[in-house]
Amino acid sequence: MALINQITGKCSNCSFSEPLSTYALINVASDPSLKEKVKNGSLFLWECPRCGQVNLMVYETLYHDPQKKLMLWLLPEGRGAEELGDLLGRLEDIASSLPGYTLRKVGDVGSLIEKVKIHDLDLEDTVIEMCKYITAMELGEKESPEAQNKFMEATFRFNGLDGPDNDLVFTFPMDGQMQSVHTGFNVYEDCAGIISRNPSVKTGEGFAQIDRTWVKKFFM
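Residues numbered from 1 in each chain as written. Predicted model: local features only at pLDDT ≥ 70, side-chain atom pairs only at ≥ 80, totals over all residues. Heavy atoms only, no water.

A.B. asks: So what exactly am I meant to see when it comes to a nonpolar patch on the surface here?
C.D. replies: A surface patch of nonpolar side chains, amounting to about 360 Å² of accessible area, comprises Leu 45, Val 54, Leu 56 and Val 58. When you line up the elements, Leu 56 lands in strand β5 (residues 54–56). (Patch = residues over 30% accessible without salt bridge, like charges linked within 9 Å, V, L, I, M, F, W, Y side chains within 5 Å. Areas by Shrake-Rupley, 256 points an atom, 1.4 Å probe, with all protein chains shown as cover. Salt bridge = Lys/Arg side-chain N within 4 Å of Asp/Glu carboxyl O. Helix = DSSP H or I, 4+ residues; strand = E, 2+ residues; numbered from the N terminus.)

Take a look at the structure:
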């Protein structure tokens, strides 16, 4: 797998295009500075030299953090694994020789950033997904059915821990504005207990996609 790929960047404002170099493999052990560029999103931004518009670069990449034993495969939504031939199988073969690794597949840059933040804090993304789902339910439980649906369909993102009690901080869009909510760490502990006591809550084999769709199956 080549370390650098070439893509064509096209400005969303003026349609100017130019070739861009992107990372096919982001190994933060080889280049620690890449981790912060992933976490702040700057690694995926391109400024148009013609009009100055900052554009999001969407491309496939494999994030690898050997210290955290973490591999995150960013496969942009709209591309199926079948389009990539045997790449997925080769990645899983490599990862299977590395015991104790967490393997995840994500469909967008925001999800990649979130997973890195979660694992950097030695948290479990499966537990965080359950926390997000429960938090959305609690925010909507006293609202109208329409408002409840808005909360349940909103994309909640884990943003970090805050305060002396390590509250979970989630952000989510609502009615055109970005909102934030703090959830007690006891919710994380409760969700971790639920998952540990229920062997049916499984991540699946290989590069699992752990997201809202995954967690909803256990609340149906």
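Alright, that's what it looks like, and here's the rest.
A.B. asks: So what exactly am I meant to see when it comes to the sheet that holds strand β6 (residues 61–65) here?
C.D. replies: Reading across from one edge, β3-β6-β7-β8 is the order of the four strands in this open sheet, with mixed pairing throughout. Strands with a single pairing partner mark the edges of an open sheet, and in this sheet they are β3 (25–27) and β8 (102–106). The average undirected angle you get between the axes of adjacent strands in this sheet is 15°. Packing against the sheet, helix α3 (residues 109–120) makes contact with β6, β7 (70–74) and β8, and its axis sits at approximately 170° to β7. (Pairing = 2+ DSSP bridges. Axes fitted to C-alpha atoms, helices over the stretch in contact; angles between N-to-C directions. Contact = heavy atoms within 4.5 Å.)

A.B. asks: Just checking my understanding: could you explain the packing of aromatic side chains for this structure?
C.D. replies: As enumerated under the stated definition, the model contains eight aromatic pairs in all. Relative to Phe 218, the ring of Trp 214 lies with its centre 5.1 Å away and its plane at 70°, an arrangement referred to as edge-to-face. An aromatic cluster of at least three residues, connected via ring pairs, comprises Phe 151, Phe 156 and Phe 172. (Phe/Tyr/Trp six-rings, centres within 6.5 Å; stacked < 30°, edge-to-face > 60°.)

A.B. asks: Hey, could you run me through the nonpolar core in this one?
C.D. replies: It is characteristic of soluble globular proteins that their nonpolar side chains tend to be buried jointly. The biggest cluster of nonpolar side chains holds 28 residues, and the ones touching the most others in it are Ile 128, Cys 131 and Phe 170. Those elements giving two or more residues to this core turn out to be α4 (125–140), α5 (145–153), β10 (167–174), α6 (185–197) and α7 (212–216). The dominant element in this core, judged by the number of residues it contributes, is α4, at seven residues. Look past the residues within four positions of Phe 170 in its chain and what remains in contact with it is Ile 128, Cys 131, Lys 132, Thr 135, Phe 156, Arg 157, Phe 158, Gln 179, Ser 180, Val 181 and Thr 183. (Core = buried A, V, L, I, M, F, W, Y, C linked by side-chain atoms within 4.5 Å. Buried < 20%, exposed > 50% of the residue type's maximum accessible area, 1.4 Å probe, protein only.)

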